[in-house]
Amino acid sequence: MSKKDARVFETKTIEATDDGMKEAQNEAVALLQRGEIVALPTETVYGLAADALNADAVAKIFAAKERPRFDPLIVHIASMRDLERVAIVPEEIRDIVNTLANEFWPGPLTIILPKTDAVPDIVTSGLPTVCVRQSGHPIFRGINKALGNPIAAPSANRFGRISPTSASAVMKELGGRIPLIVDAGACNEGIESTIIRIEAREGKKPIFYLHRAGPVTKEQLQKFGKVEKAKPSDKLQAPGQLESHYAPLTPFRLIEKPSDFTPDIGKSYGLLSYTGEEGGAFVRAHRWDQVVALSPGSGKLAEAAIRLFYAMREMDEMGLDEIIAEPVSEIGLGVAIMDRLRRASVQM
Ligand code: TXA
Ligand code: MG
């Protein structure tokens, strides 16, 4: 995006509390109908929304985020009827799509499906497929229903940066670039949706290719099919998933064991710890300038997921020379957390 394309706004925040709820919904819907973009809460992270069927509106998302046009967006539907408008569900996976929708929608599961002609190419970066999910956030759902059209919404951060899990984080990322942020407090999942592609198999349960680990875990999906890593050839279809992502501005490094860390003299280091417990091997490995715990004390993966991006942002503002992250165990939600930690520690 060149400077002359930059649009300048005095970004307004409306709190979608009891009093502000109707106002927030009405303003957001009015802006979306006019082809504008607005930041909305979802249960995973805040999204930057546009009418998915309006190519000009969707172009504004790419501009505000400085997102390359080759990185496609997720389309959010308000009902199963809207699924037909954006996706062609092949006969051989119809039953399993319905089963997964019954089980996980509305919620943080995104399914890759062949797209209909109604979806502009800019949404899918020219791919023949579209990513679809139904958000479970009541505010998002209300706005999606009232708009009557599906909503394209990537996370409401500048490209490559940490996804926002609060309205204030959105303001830091996109303040001055968008007209409105609907503030509904902290997101209750904290990491982006799980993304899968489904492949039917004769006489066997289907295969779910995992394109992004998320709140719906492998363990949960295994009840309905075989979960496999996305094929590398498939992944090339979505370059956004390959790159360094979720990166703080402060150098960030995930280490495997405490002995992997050797401090440079005079540098300040912060530890992004799982529990922050005094006796923990990572906490004891160094006299850290700061220790931030993802799930203080007992260590709960669900709490760690909710706090992950918040904690990364907080540490990014501490003026440290480097942030060192300790691993969490890769079971359940731990898979999605480790995926984010790994990608944050890939330097571009
Ligand atoms: O939880 C979420 O999914 C949030 C909220 C706002 O819904 N959205 C989100 O969007 O995380 P975004 O744009 O940050 O991530 C979408 C991912 C990207 O990595 C993109 O490459 C991938 O989905 N994607 C989109 N369309 C695709 C397609 N047709 N095939 C494969 N990957 C696709
Ligand atoms: Mg994103």
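Everything numeric in this text was worked out from a predicted model, so none of it was measured.

A. View of the pattern of salt bridges. If you walk through the whole model with that rule in mind, you get 26 salt bridges. Notably, a salt bridge pairs R177 with E66, separated by 2.8 Å at the nearest N-O pair. Here E66 lies in the loop between α2 (55–65) and β4 (74–76) and R177 lies in the loop between α7 (167–174) and β8 (180–183), a separation of 111 residues in the sequence. Using a relative accessible area of 23% as the deciding quantity, one classes R177 as partly exposed. Overall, E66 belongs to the partly exposed group, its relative accessible area being 41%. Across the pair R340 and D339 runs a salt bridge, and its minimum N-O distance is 2.7 Å. The two residues R340 and D339 agree in class, both being buried. One salt-bridge network, held together by shared partners, links R158, R161, E173, R313 and D316.

B. Structural detail: the site of ligand 1. What surrounds ligand 1 is a group of 25 residues, the closest being T44, R67, D71, H76 and S193. At 3.0 Å from a nitrogen atom of ligand 1 is found a side-chain nitrogen or oxygen belonging to T129. A distance of 3.1 Å separates an oxygen atom of ligand 1 from a polar atom in the side chain of R133. Summarising the interface, the protein chains cover 97% of the accessible area of ligand 1, which totals 680 Å² for the free molecule. When contributions to the shell around ligand 1 are tallied by element, the ones reaching two or more residues are β4 and β6 (129–133). The element contributing the most residues to the shell around ligand 1 is β6, with four residues. Residues of the shell around ligand 1, tallied by class, amount to 12 nonpolar, eight polar and five charged.

Rules and cut-offs
- Residues numbered from 1 in each chain as written.
- Chains lettered and ligands numbered in written order.
- Predicted model: local features only at pLDDT ≥ 70, side-chain atom pairs only at ≥ 80, totals over all residues.
- Heavy atoms only, no water.
- Salt bridge = Lys/Arg side-chain N within 4 Å of Asp/Glu carboxyl O.
- Helix = DSSP H or I, 4+ residues; strand = E, 2+ residues; numbered from the N terminus.
- Buried < 20%, exposed > 50% of the residue type's maximum accessible area, 1.4 Å probe, protein only.
- Near = heavy atom within 4 Å.
- Polar contact = N/O pair within 3.5 Å; in protein donor to acceptor, adjacent residues only side chain to side chain.
- Areas by Shrake-Rupley, 256 points an atom, 1.4 Å probe, with all protein chains shown as cover.
- Nonpolar A, V, L, I, M, F, W, Y, C, P; charged D, E, K, R; others polar.

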